[in-house]
Protein chains: 2
Amino acid sequence: MNYYGEYVTRLIEQFGKLPGIGGRSAQRLAFYVLNMPKENADALARSIVEARERVKYCSHCCNLTDTDPCPICSSAKRNKNQIMVVESPRDMAAYEKTNDFHGVYHVLHGLINPMEGVGPEDIRIRELLDRINDSTEEVILATSSTVEGDTTAMYIARNIALRNDGVKTSRIAKGVPVGGELEYVDQVTLAQAFKSRFDMNSGKDSEDEDN
Amino acid sequence: MNYYGEYVTRLIEQFGKLPGIGGRSAQRLAFYVLNMPKENADALARSIVEARERVKYCSHCCNLTDTDPCPICSSAKRNKNQIMVVESPRDMAAYEKTNDFHGVYHVLHGLINPMEGVGPEDIRIRELLDRINDSTEEVILATSSTVEGDTTAMYIARNIALRNDGVKTSRIAKGVPVGGELEYVDQVTLAQAFKSRFDMNSGKDSEDEDN
């Protein structure tokens, strides 16, 4: 039954469609918005419309951005020949916080996951392979250390080996807790994992050649 | 640092201002909105603006409504002389679901809470007292059974006794679990609490006159 009238009910429904927002949370959010100063409610609505309209994918790295190329891809300080492959913009932000990586990114927007029906063609792997050429020094596969992350990294490494044999393909070390989602890992662990990355096509450690 | 660009950052900030939405939830919501079909994002934004613009307080019961008077106050089936006083529109909806009450409501939009600096003049008590006249049969105080709910009920009952001595003022029974928030109580308990309400100014049970 409709106890609140059309507009309140519609607002509750809209909030209820968002991920992680159940019925009671949607009600709480709706009543909070109704008690907000009008300009704050307008600012929230405007930021949704503007972000959805203005934000595009960077034509280089596929990250979400409002300028193309994105600030990282257009920065003169970044090494364009070192590409770190991540699952999502949040993982990119997590690595940026370490201040330890000075190359550029490639955002896949997902991982290969046959159980969920996500194949290699559903994420931005083709765009990555198209970016890689003879001047590329290294591709660092920084997907989560889950089954899906490892599968995706393996798939990409094999395709790079087939197409651009000279390009070094590394994987961040298993310093990242096994089974953990990358975005929740602390910055010191992320930096350590980056330092002890290993070459996926030789099995050798990139820092310690004695192994 | 701004890893996502202006519009995404602003959207994350806006979601982060909502109650119960932390930093990571705000990020998750923002990226969800960015991946929504454009018309869904527009619908969400529009429902926020419309609800904030169109929804007013009912001039009778102070409930949120898009028609004045609200559907309950304008219904011929409701007894206008039996007024149930609740803290919030959500508590009103909780009582409506019992289908056991056929009077009208008065929504206080808060409870007296001196610790938080909320006094009787900060909630809709004056509007309630102005509504009550000689034709009013009963005022049922259905605030939560917390310290604030009991304090508010007591304050209102005393003021009614001072201004309109003939009006019966009842309190929902302590069938509502002590310390519990009214909106989380099951419907059978709410209905039971309504049936065994007692007169606040005589201490007698309204149903069982033998006590």
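Residues numbered from 1 in each chain as written. Chains lettered and ligands numbered in written order. Predicted model: local features only at pLDDT ≥ 70, side-chain atom pairs only at ≥ 80, totals over all residues. Heavy atoms only, no water.

**Focus: the nonpolar core**
Proteins that are soluble and globular tend to have nonpolar side chains buried together.
Inference 1: Core analysis: the largest hydrophobic core is formed by 126 residues, its most contacted members being F15, I48 and Y95 of chain A together with F15, I48 and Y95 of chain B.
Inference 2: With residues near it in sequence (within four places) discarded, I48 of chain B still touches L11, F15, V33, A41, L44, A45 and I48 of chain A. (Core = buried A, V, L, I, M, F, W, Y, C linked by side-chain atoms within 4.5 Å. Buried < 20%, exposed > 50% of the residue type's maximum accessible area, 1.4 Å probe, protein only. Contact = heavy atoms within 4.5 Å.)

**Details of the relation of the copies chain B and chain A**
Look at the two chain copies: a rotation about an axis and a shift along it is all it takes to match them.
Inference 1: Its rotation angle being 179°, the transformation that places chain B on chain A also includes 0.0 Å of axial translation and leaves an RMSD of 0.1 Å. Both copies are brought into coincidence by an operation consistent with a two-fold rotation axis. For chain B, the smallest separation between a C-alpha atom and the rotation axis is recorded for A45 of chain B, amounting to 2.1 Å.
Inference 2: An overlap of 100% is found between the interface residues of chain B and their copies at the interface of chain A, pointing to a shared contact surface. (Least-squares fit on C-alpha atoms with pLDDT ≥ 70 in both.)

**Re the state of the cysteines**
Inference 1: Under the counting rule described, the total for this entry stands at zero disulfides over all chains.
Inference 2: In this model C62 of chain A remains outside any disulfide bridge; the closest cysteine sulfur is found in C61 of chain A, 6.7 Å from its own. (Disulfide = S-S within 2.5 Å.)

**Some remarks on the interface of chain B and chain A**
One widely used convention gives an interface's size as the accessible area the parts lose upon coming together.
Inference 1: Every contact between the two is made by 53 residues of chain B and, on the other side, 53 residues of chain A.
Inference 2: Counting the surface lost from both chain B and chain A, the interface buries some 5,300 Å², and carbon and sulfur atoms represent 67% of this.
Inference 3: Our count for the chain B to chain A interface comes out at four salt bridges.
Inference 4: The closest approach of N and O atoms between E53 of chain B and K38 of chain A, which form a salt bridge, is 3.6 Å.
Inference 5: Our count for the chain B to chain A interface comes out at twelve residue pairs in polar contact (both at pLDDT 80 or more). (Buried area = accessible area lost by both parts, 1.4 Å probe. Salt bridge = Lys/Arg side-chain N within 4 Å of Asp/Glu carboxyl O. Polar contact = N/O pair within 3.5 Å; in protein donor to acceptor, adjacent residues only side chain to side chain.)

**Comments concerning the packing of helix α3 (residues 38–54) of chain A against helix α1 (residues 6–16) of chain B**
Inference 1: Remark: α3 of chain A packs on α1 of chain B, axes separated minimally by 9 Å, with the N-to-C direction vectors making an angle of 145°. Note on packing geometry: the crossing formed by α3 of chain A with α1 of chain B is left-handed. For the pair α3 of chain A and α1 of chain B, contact is made by N40, A43, L44, S47, I48, E50, A51 and R54 of chain A and by Y7, R10, L11, Q14 and F15 of chain B, respectively.
Inference 2: Residues belonging to the contact of α3 of chain A with α1 of chain B are distributed by class as follows: seven nonpolar, three polar and three charged. (Axes fitted to C-alpha atoms, helices over the stretch in contact; angles between N-to-C directions. Helix = DSSP H or I, 4+ residues; strand = E, 2+ residues; numbered from the N terminus. Left-handed = near helix turned anticlockwise from the far one by under 90°. Nonpolar A, V, L, I, M, F, W, Y, C, P; charged D, E, K, R; others polar.)

Read these as spatial facts, not as claims about activity.
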